[in-house]
Number of protein chains: 2
Amino acid sequence: MTQPTREKILDAVFTLVYIKGYNGTSMSMILEACNIPKGSLYHCFASKKAMVLAVLKERIAPRMDQFYDLEHHCNDHEIDTLIAAVLKVADKQELLQYGCPLNRLNQEMSPVDTDFSHEINIIYEKLKYKIIHLLSNSNLQKDVNIDSLSEYIIATVWGALSLSPQQSSKARYLQTVSHLISYLNTIKSDIDHSV
Amino acid sequence: MTQPTREKILDAVFTLVYIKGYNGTSMSMILEACNIPKGSLYHCFASKKAMVLAVLKERIAPRMDQFYDLEHHCNDHEIDTLIAAVLKVADKQELLQYGCPLNRLNQEMSPVDTDFSHEINIIYEKLKYKIIHLLSNSNLQKDVNIDSLSEYIIATVWGALSLSPQQSSKARYLQTVSHLISYLNTIKSDIDHSV
DNA sequence: TAATAATTAGACCGGTTGGTCTAATTATTA
DNA sequence: TAATAATTAGACCAACCGGTCTAATTATTA
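Residues numbered from 1 in each chain as written. Chains lettered and ligands numbered in written order. Predicted model: local features only at pLDDT ≥ 70, side-chain atom pairs only at ≥ 80, totals over all residues. Heavy atoms only, no water.

Turning our eyes to something else, we now look at the overall build of chain A. Scanning chain A for helices and strands turns up 10 helices and 0 strands. In chain A, the order of α-helices and β-strands from amino to carboxyl end is α-α-α-α-α-α-α-α-α-α. When the backbone C-alpha atoms are referred to their principal axes, chain A occupies close to 65 × 40 × 30 Å. Sequence separation of 24 or more characterises 70% of the internal contacts of chain A that already satisfy a separation of 6 or more. By element, 52% of the accessible surface of chain A is carried by carbon and sulfur atoms, the whole surface being about 8700 Å². Considering chain A, the positive charge centre built from 19 side chains and the negative charge centre built from 22 side chains are found 8 Å apart. (Helix = DSSP H or I, 4+ residues; strand = E, 2+ residues; numbered from the N terminus. Contact = heavy atoms within 4.5 Å. Areas by Shrake-Rupley, 256 points an atom, 1.4 Å probe, with all protein chains shown as cover. Lys, Arg positive; Asp, Glu negative; His and termini not counted. Charge placed at Lys NZ, Arg CZ, Asp CG, Glu CD.)

This brings us to the interface of chain B and chain A. A common way to state how big an interface is: give the accessible area lost once the parts meet. Facing the 42 residues of chain B at the interface are 42 residues of chain A. When the two sides are added together, the surface that chain B and chain A hide from each other amounts to roughly 3800 Å², 51% of it contributed by carbon and sulfur. Of all residues in chain B, Gln107, Tyr152 and His179 of chain B give up the largest surface area on contact with chain A, accounting jointly for 18% of the area buried on that side. Summed over the shared surface of chain B and chain A, the number is 2 salt bridges. With its nearest N and O atoms 2.6 Å apart, the salt bridge here joins Glu151 of chain A to Arg172 of chain B. Linking chain B with chain A are 17 residue pairs in polar contact (both at pLDDT 80 or more), by the criterion used here. For the side of chain B that touches chain A, the element with the highest residue contribution is helix α9 (residues 146-162) of chain B, accounting for 11 residues. Within the side of chain B that touches chain A, the residues separate by chemical class into 15 nonpolar, 21 polar and 6 charged. (Buried area = accessible area lost by both parts, 1.4 Å probe. Salt bridge = Lys/Arg side-chain N within 4 Å of Asp/Glu carboxyl O. Polar contact = N/O pair within 3.5 Å; in protein donor to acceptor, adjacent residues only side chain to side chain. Nonpolar A, V, L, I, M, F, W, Y, C, P; charged D, E, K, R; others polar.)

This part takes up the protein's contact with DNA strand C. Around DNA strand C, a shell composed of 14 residues is seen, among which His43 of chain A together with Met27, Ser28, Lys38 and Lys48 of chain B lie nearest. At 2.9 Å, a side-chain N or O of Lys48 of chain B approaches a phosphate oxygen of DNA strand C. Mapped onto the surface near DNA strand C, the elements with two or more residues apiece are α3 (38-44) of chain A together with α2 (27-34) and α3 (38-44) of chain B. Examining the composition of the surface near DNA strand C, we find that 4 residues originate from one element, α3 of chain A, more than from any other. (Near = heavy atom within 4 Å.)

Residue and element names in this part refer to chain A. Two numbers describe how helix α4 (residues 48-68) lies on helix α8 (residues 114-136): the axes approach to 11 Å, and their chain directions differ by 10°. By the angle between their axes, α4 is roughly parallel relative to α8. Here Lys49, Val52, Leu53, Leu56, Lys57, Ala61, Met64, Asp65 and Tyr68 of α4 lie close against α8, whose contacting residues are Asp115, Phe116, Glu119, Ile120, Ile123, Lys126, Leu127, Lys130 and Ile131. Here the residues of the contact of α4 with α8 are counted per class, giving 11 nonpolar, no polar and 7 charged. (Axes fitted to C-alpha atoms, helices over the stretch in contact; angles between N-to-C directions. Parallel < 35°, antiparallel > 145°, perpendicular 65-115°, else oblique.)

Our next topic: the relation of the copies chain B and chain A. Superposition of chain B onto chain A requires a rotation of 180° combined with a translation of 0.0 Å along the rotation axis, giving an RMSD of 0.0 Å. Considering both components of the superposition, the chain copies are consistent with a two-fold axis. The residues that chain B uses at the interface reappear at the interface of chain A in 100% of cases, marking a shared surface. (Least-squares fit on C-alpha atoms with pLDDT ≥ 70 in both.)

Moving on, we come to the protein's contact with DNA strand D. The full set close to DNA strand D counts 14 residues, and Met27, Ser28, Lys38 and Lys48 of chain A together with His43 of chain B are the nearest of them. Taking all atoms of DNA strand D within 4 Å of the protein, the share assigned to sugar and phosphate is 60%. A distance of 3.5 Å separates a phosphate oxygen of DNA strand D from a polar backbone atom of Thr25 of chain A. The backbone of Met27 of chain A places a nitrogen or oxygen atom 2.7 Å from a phosphate oxygen of DNA strand D.

Going through the model one piece at a time under the given rule, you end up with 28 salt bridges over all chains. For Asp113 of chain B, the salt bridge goes to Lys49 of chain B, with nearest N and O atoms at 3.1 Å. Pair noted here: Asp113 of chain B is in the loop between α7 (101-109) and α8 (114-136) and Lys49 of chain B is in helix α4 (residues 48-68), with a separation of 64 residues, a long-range link. If you follow the salt bridges from partner to partner, you end up with Lys128, Asp147 and Glu151 of chain A together with Arg172 of chain B in one network.

A word on the packing of aromatic side chains. This structure, assessed with the given rule, holds 11 aromatic pairs over all chains. Consider the rings of Tyr22 of chain B and Phe116 of chain B, whose centres lie 5.5 Å apart with planes at 70°: the pair is edge-to-face. One end of the pair, Tyr22 of chain B, is in the loop between α1 (5-20) and α2; the other, Phe116 of chain B, is in helix α8, with 94 residues separating them in the sequence. Both residues of the pair, Tyr22 of chain B and Phe116 of chain B, count as buried. Each residue in the set Tyr152 and Tyr183 of chain A together with Tyr152 and Tyr183 of chain B is aromatic and connected to the rest through ring pairs, giving one cluster. The residue whose ring lies beneath Lys48 of chain A is Tyr22 of chain A, and the NZ or CZ to ring-centre distance is 4.3 Å. (Phe/Tyr/Trp six-rings, centres within 6.5 Å; stacked < 30°, edge-to-face > 60°. Buried < 20%, exposed > 50% of the residue type's maximum accessible area, 1.4 Å probe, protein only. Lys NZ or Arg CZ within 6 Å of the ring centre and 35° of its normal.)

So this is what it looks like as structure tokens:
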């Protein structure tokens with residue numbers, strides 16, 4: 001059985017908007033990519049905006065979950081779980097090339113449309129609190145601010161992925177985040193009970 | 001004497017493209033913001049693209065210089081000069097709200113237009129080597145990779161500025177980069193000859 | 001099989017896009 | 001002041017934008 005129309009549209013729109021941006025993607029481009037008539041598209045979605053908001057909820061949000069949903073092995077320090085997640089990003093070619101899809105849409109749409117900024121914020125907060133949750137169960141040095149550390153990790157990965165894509169490569173990403181990893185190792189409690 | 005037409009256009013285009021993006025900014029918006037007729041605009045610039053490339057060279061590039069052109073006081077460690085530059089970013093409201101203009105244009109245009117990615121890369125490299133130059137004159141721990149450290153600093157600041165603008169504030173930025181600053185202090189050579 | 005609902009098909013719409021072009025006006029130089 | 005160049009002014013253009021609408025077709029249910 002072939003993919004339902006709605007799902008096919010969401011996939012195509014995700015890819016187009018990811019690479020070309022919201023304003024850089026036209027309905028005709030979407031129609032061509034999906035190879036469906038206009039009637040079918042507007043039967044599924046009321047407008048272009050509704051369509052991309054659905055992409056946020058049904059394509060981008062799950063991706064954000066996926067990348068920070070590492071299971072914790074009980075012999076590791078929680079920080080090592082986080083480091084593994086950061087390193088895993090390097091295996092996704094499209095992330096290295098185009099950056100984080102949430103961050104991209106955030107930068108383009110948040111300043112000009114509150115419906116977008118609201119939806120993006122929900123996804124961002126969920127990601128942030130997942131990291132906070134992991135950190136709060138871990139042995140860290142006393143004076144570490146877990147909330148800002150969580151944001152710092154996200155900011156660093158987003159930033160590392162957005163450096164001039166002309167030179168984007170796995171090696172460069174890993175070199176850049178090696179400093180984050182050094183810092184995270186610094187932050188572990190000296191008395192590590194988990195080993 | 002009033003501002004020359006060309007400069008007036010570049011200022012208006014910078015602001016519009018900074019906030020709305022390239023594809024979110026139309027010629028009619030620019031015309032209205034400048035309050036000049038179309039003939040004058042196309043007399044100065046051959047096309048919208050040429051106009052925004054000029055904005056990159058004549059508005060964005062100087063801004064990037066400005067923000068990392070801190071003079072080094074000889075009683076400081078070079079790392080402290082860098083930290084001061086990172087902190088100074090917090091005083092520019094528009095940076096906190098909309099992020100780095102170079103990074104924004106980079107994310108929107110680099111994947112779809114090599115003329116943009118080329119120009120952006122030149123500005124990025126200049127910034128990077130300015131930081132490398134500062135770092136190479138400083139007393140750091142032996143095993144520090146200066147090249148990737150330079151990119152890490154840029155990535156972190158860019159990332160910290162791009163976190164969900166719904167909540168952007170000076171306090172949040174400072175909290176986020178406090179981790180970068182901790183890390184940078186870590187990296188100073190234990191034997192600091194500059195004090 | 002008949003009736004009904006869901007989907008497909010694409011012509012069509014007013015508005016806007018980036019861009020051109022000619023004519024009038026202003027500034028500069030001879 | 002006359003001649004020439006630079007600039008201003010905005011009507012106009014084809015192409016494209018996001019979106020609507022009616023009719024035909026296909027799936028589903030009775």
